[in-house]
Number of protein chains: 2
Amino acid sequence: MLTREFEEKIDGKTTKKLRIIRVARGIEPADLVLKNAVYVNVFSNELCKGDIAVAEGLVVGMGSYEGTEEYDASGKIVCPGFVDAHIHLESAVVTPDRFAAAVLPHGTTTVITDPHEIANVMGDDGIEYMLQATAGLPIDVHFMLPSCVPSTPEDESGAVLSYRDIDRFYGHPKVLGLAEMMDYVGVINGDRSVVEKIIASQAHHKKIDGHAPGLSGNELNAYISAGVYSDHECYDLDNALEKLRKGQFIMIRDGTAAHNLDALLPLLTPQYCSRCMFATDDKHPSDLLENGHIDYLVRRAVKAGVDPIIAVKTASHHAARYFLLNNKGAVAPGYLADLTVVDNLYDLNTERVYKKGRLVYDGEVKPFKKPQIWESLIARAHSSFFVKTLSESDFSSDSPLGVVGMINGEIVTESLGTANKTDIEADILKAAVIERHRGTGHIGLGFLKGYGLKKGAVATSISHDSHNIIAVGANENDMATAVNRVVRNAGGIVVAEGGKIIAELELPVAGLMSELPLEAVNTKLEAAKAAAYSLGVNRGIDPFMTLSFMSLTVIPKARITTFGVIDTETGEYVSGIGR
Amino acid sequence: MLTREFEEKIDGKTTKKLRIIRVARGIEPADLVLKNAVYVNVFSNELCKGDIAVAEGLVVGMGSYEGTEEYDASGKIVCPGFVDAHIHLESAVVTPDRFAAAVLPHGTTTVITDPHEIANVMGDDGIEYMLQATAGLPIDVHFMLPSCVPSTPEDESGAVLSYRDIDRFYGHPKVLGLAEMMDYVGVINGDRSVVEKIIASQAHHKKIDGHAPGLSGNELNAYISAGVYSDHECYDLDNALEKLRKGQFIMIRDGTAAHNLDALLPLLTPQYCSRCMFATDDKHPSDLLENGHIDYLVRRAVKAGVDPIIAVKTASHHAARYFLLNNKGAVAPGYLADLTVVDNLYDLNTERVYKKGRLVYDGEVKPFKKPQIWESLIARAHSSFFVKTLSESDFSSDSPLGVVGMINGEIVTESLGTANKTDIEADILKAAVIERHRGTGHIGLGFLKGYGLKKGAVATSISHDSHNIIAVGANENDMATAVNRVVRNAGGIVVAEGGKIIAELELPVAGLMSELPLEAVNTKLEAAKAAAYSLGVNRGIDPFMTLSFMSLTVIPKARITTFGVIDTETGEYVSGIGR
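Report on the accompanying structure.

Here we come to the relation of the copies chain B and chain A. Of the transformation placing chain B onto chain A, the axial shift is 0.0 Å and the rotation is 180°, giving an RMSD of 0.0 Å. Here the transformation between the copies is reduced to the relation of a two-fold axis. When C-alpha positions in chain B are compared against the rotation axis, the closest is assigned to proline 270 of chain B, at 3.5 Å. A shared interface surface links the copies, since 100% of the contact residues of chain B are contact residues in chain A too.

Residues and elements named next belong to chain A. Across the two faces of strand β14 (residues 339-342) the burial is the same, with Leu339 and Val341 and Thr340 and Val342 all buried. Bridge count for strand β5 (residues 77-80) against β14 is four bridges, and the pairing is antiparallel. Each residue of the ladder has a partner; that of valine 78, found in β14, is valine 341. Taken together, the four bridges between β14 and strand β15 (residues 350-355) define a ladder with antiparallel strand orientation. Residue pairing across strands places valine 341 opposite arginine 352, the latter belonging to β15.

The subject of this paragraph is the pattern of salt bridges. All names here are of chain A. Under the counting rule described, the total for this entry stands at 73 salt bridges over all chains. As a salt-bridge pair, glutamate 28 and arginine 19 come within 3.0 Å of each other at their nearest N and O atoms. A relative accessible area of 23% means that glutamate 28 is categorised as partly exposed. Between lysine 388 and aspartate 394 there is a salt bridge, with the nearest N and O atoms lying 3.6 Å from each other. Lysine 388 gets classed as exposed once you look at its relative accessible area, which sits at 57%. According to the relative accessible area criterion, aspartate 394 is partly exposed, its value standing at 22%.

Bringing the side chain of glutamate 117 of chain A into the picture now. Checked against the element boundaries, glutamate 117 of chain A lands in helix α3 (residues 116-122). It is arginine 436 of chain A that comes nearest to the buried, bridge-free glutamate 117 of chain A among opposite-charge side chains, at 9.2 Å.

Right, let's talk about the interface of chain B and chain A for a bit. Contact with chain B, which involves 67 residues of that partner, is made by 68 residues of chain A. The contact between chain B and chain A buries some 5,600 Å² in all, and 54% of this surface belongs to carbon and sulfur atoms. Seen at the junction of chain B and chain A, the total is six salt bridges. If you look at where chain B meets chain A, you find 27 residue pairs in polar contact (both at pLDDT 80 or more). Of the residues forming the side of chain B that touches chain A, the biggest block, 14 residues, is contributed by helix α1 (residues 4-25) of chain B.

Let's shift gears to the sheet that holds strand β25 (residues 558-561) of chain A. All names here are of chain A. With respect to topology, three strands assemble into an open sheet ordered β25-β26-β27, the strand pairing being antiparallel. Looking at strand neighbours, the two that pair on one side only are β25 and β27 (572-576), the edges of this open sheet. Neighbour to neighbour, the strand axes of the sheet diverge by 25° on average, direction disregarded. Where strand β26 (residues 564-567) meets β27, four bridges bridge the pair, whose relative direction is antiparallel. What sits directly across from valine 565, in β27, is serine 575.

Residue and element names in this part refer to chain A. With an omega of 5°, the peptide bond between proline 556 and lysine 557 qualifies as cis. Tracing the chain through its elements places lysine 557 in the loop between α18 (545-548) and β25. For asparagine 45, which is not a glycine, the phi torsion comes out positive at approximately 55°. Along the polypeptide, asparagine 45 turns up in the loop between β1 (32-41) and β2 (46-55). The class for asparagine 45 is partly exposed, based on a relative accessible area of 25%.

Here we come to the pairing of strand β7 (residues 108-113) of chain B. Residue and element names in this part refer to chain B. The buried count for β7 comes to six of six residues, which makes it a mostly enclosed element. When strand β6 (residues 82-87) meets β7, the two strands line up parallel, connected through four bridges. Along β7, the bridge assignment pairs phenylalanine 82 with threonine 108. Handedness of the β-α-β unit built from β6, helix α2 (residues 96-103) and β7 comes out right-handed. Summarising the sheet, β7 and strand β8 (residues 140-145) pair through four bridges and their orientation is parallel. Each residue of the ladder has a partner; that of valine 111, found in β8, is valine 141.

Conventions and cut-offs
- Residues numbered from 1 in each chain as written.
- Chains lettered and ligands numbered in written order.
- Predicted model: local features only at pLDDT ≥ 70, side-chain atom pairs only at ≥ 80, totals over all residues.
- Heavy atoms only, no water.
- Least-squares fit on C-alpha atoms with pLDDT ≥ 70 in both.
- Contact = heavy atoms within 4.5 Å.
- Buried < 20%, exposed > 50% of the residue type's maximum accessible area, 1.4 Å probe, protein only.
- Helix = DSSP H or I, 4+ residues; strand = E, 2+ residues; numbered from the N terminus.
- Pairing = 2+ DSSP bridges.
- Salt bridge = Lys/Arg side-chain N within 4 Å of Asp/Glu carboxyl O.
- Lys, Arg positive; Asp, Glu negative; His and termini not counted.
- Buried area = accessible area lost by both parts, 1.4 Å probe.
- Polar contact = N/O pair within 3.5 Å; in protein donor to acceptor, adjacent residues only side chain to side chain.
- Axes fitted to C-alpha atoms, helices over the stretch in contact; angles between N-to-C directions.
- Right-handed = clockwise from strand over helix to strand, strands pointing away.

Right under this line is the structure:
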């Protein structure tokens, strides 16, 4: 027997559908009509023309229609709203409402996020926070559940998530699957606890995204056979083609940290394009403000000679089909009226954006209600630092410490043996990673070569993936000053010199995000960057972003953790107490 | 908290997956390797070469592999198993196990059936019967739930199915959605009970197939907006293109009763093909035996100049993606090892078929276990006739009766007024439809012109869609003989003359299907056809199939039902008691 609740739901939806049918037939006015529109038809791969009628948030017909609201779209092109197939929202260092306001002017209406950063800080509460912080925004935020928290056992993160810990989220309507399975080595080697996560996502009939740079041959077969359906780590065409031929969907990833579009442009042809979509992975404030979002990839692809219809489909329809968002990614009856109106397909300036038929951008972002988040989650997010006040001596060591050698423009490093003391002339700076989640008091010390600082210190609570505090300094006193200020600010980036704070960006939400608008955050961040460069930071390095990768133990070769300096290729600690 | 059952399921599946990973890596032998295979790569749209390794029923890798079983596929082409996107299995007039044995030699590994015929006889028990009768077969049979039982209120069918009656089936893993929504008029006119069925399928996140011959413009927009995602009734290119442009998937239907492939060949190009798949709708025994199944469509498409890769994808991958059968329709790691090995892509002779890695055909169909069906369902299926013994007088009438005019090669008819009596010279024959589901005793009488019979009578329990018994005769005595024999046989086709049965095919399963092999059924059916022709039936008509449509009230113009002769365009009864 059906429940009364189900019958009432069917009844209510039917009433709404009957109105949609009447509007589609033209016997009742539409809520909105985009008159004389030229639109991208993702099914027939051509531009089509007609009035686009919208009712109850859906496109209901193309043809000749009248509506209570009408917009003359003559001379414009209507595209399906753009989709970012893989992003970590936290990388924009603003809360999701601020992110939404920043990407709507670029025609984005849907993003698929992996809340991996905040989960490393707050565990399942971090996932819950992001689900609540994205509910009801004027963009749709879908989720892939973090697969690798922490990224390796070397990480002292805020949480350890097994398949059991994330299972309850699969029932959430916004959750689409398991996010990038970075531990491809664990998969290939048959690590049961890793493979279980894939199996659990499959058991819920969900997707599993991949992350396997350069993986090839039988090892790639093993990784795909395990159930990994996509990859966004293709940096060369051959590897992308091998993955595509073996059935993986290719997310052409081009964001702030990694740029793969140019190498993968040859995929954007009729032969291959249906298996491709666009992703940014990470977008930092200045990049978002200066270049844009998915529109930036479309624009660059078209300017490089890609058929604009293919570029727009890759930016919308293909991602929607991969993620089984079957009412998204097309301008057609029954699809959500997520519409991006652009001037033309070459310049691709977004003029208007409709989300579920509601005008959300027309040169300015329309005001929207901020999502409600449980007070307990807000409190936890704002109180994620458990570090006592530090002093110079906390950064001192009597023993030699490992030296991490930075390389301009790269996040891989060299292992440069050990050193006994800071040597500014030789660009050997003291570095530290301070555990901040549990109050263990762990501080891993080492040296960093190649950062360039001549005086003062820099500290940031963005340090992948566990987001402890990483600091580097020309002297230990400024390091203590900078770290203490990060802790007092409940997170963020600090530049200190001579015992004073000379620039800072507060990131009080989990130590990762600001609640200010993106523009304000960008101003502070750029000022902090300028301050860091003024203290001597090597111009070939982003003073905060590059630093934030120095504790990420999945990348070769030397890294600094809360336990000291580790050679990630041998797994041996060069200095420090070790795990 | 997770249930112990769930954790055990994850554990068991993980163990299996770990083996798959080892085989894919090449460190453990595969269950099966197709050595030196050339296979259709549906992702890169090309032929690729390599060993295809299979473990645990899945393809796990292409490359260089060894297996406990090996087959040298040199010189052959490996395709994904073929998929029929829409069929009514009952039309083959054999039970599903017999159907499976008949289509495996044609490379079919998956069909999506609408058990509409048996549901008109047995209601939800008919759906349940087919679910059980297809479980574990060497082809996968997926289901779309019948949307229009009965097809119109004029039909005295065995059941009336509302959305509530079919709801419980949506939870069944083989059920993919709601079958062809034939009542497009009801949808467009906003008939709540019709639209509810669509809404309920959507509420279960399932597909809804369409059936809307010639529908166009705003009415088509309304139908699609209501939530109908496909159409298999396109008989001309323009209508197909309009539907495709508006987002419907196009099932290119070419079976026994309707032939649309030639008209729709222009869809099989890179521009449109990803939105197209193949379907047969109805396949009768002789057509299956003489021409084949989906392979017949591929072969014809290729011979007509379609790119063979496109033809094979349309026959496999596209249907799999539409129905969200995400591990079907490709030769790639993680996909089911449903593989059809053919000699070449032009002649397309199937040499071997693997289902989930098991050899099921290699020139002969390998024996397989018949599905277990509840005894109560078998009993009900074998006892679906409730008709008392009839005599000549039951077919007599004192009043004039409506005349249904048959047209050679068509199933539409003319309404030819009334007649008083049978006139063999003028080819006016007595016709009757005998209610058989409830024992109401209703017998609708009329005349049929154009059938051609000179003596004797024909009766069949296949009469769309309600499958009452339809009979036509040169005299009422032979009509009674034929109908009584159909009832005694618990269903089937009978040709009688001079009070004797001169040919018959028993269809004791719901009056629709035989339990004999297809070849045996075909022999009997062809003999019965020959007998009918020998009695004078017009050669431009199929004596049973064409007759079976004479009571289908959704088709213009005159039809005969259990209530008499109706003009389906006006809804008025020409003769008889009326509804």
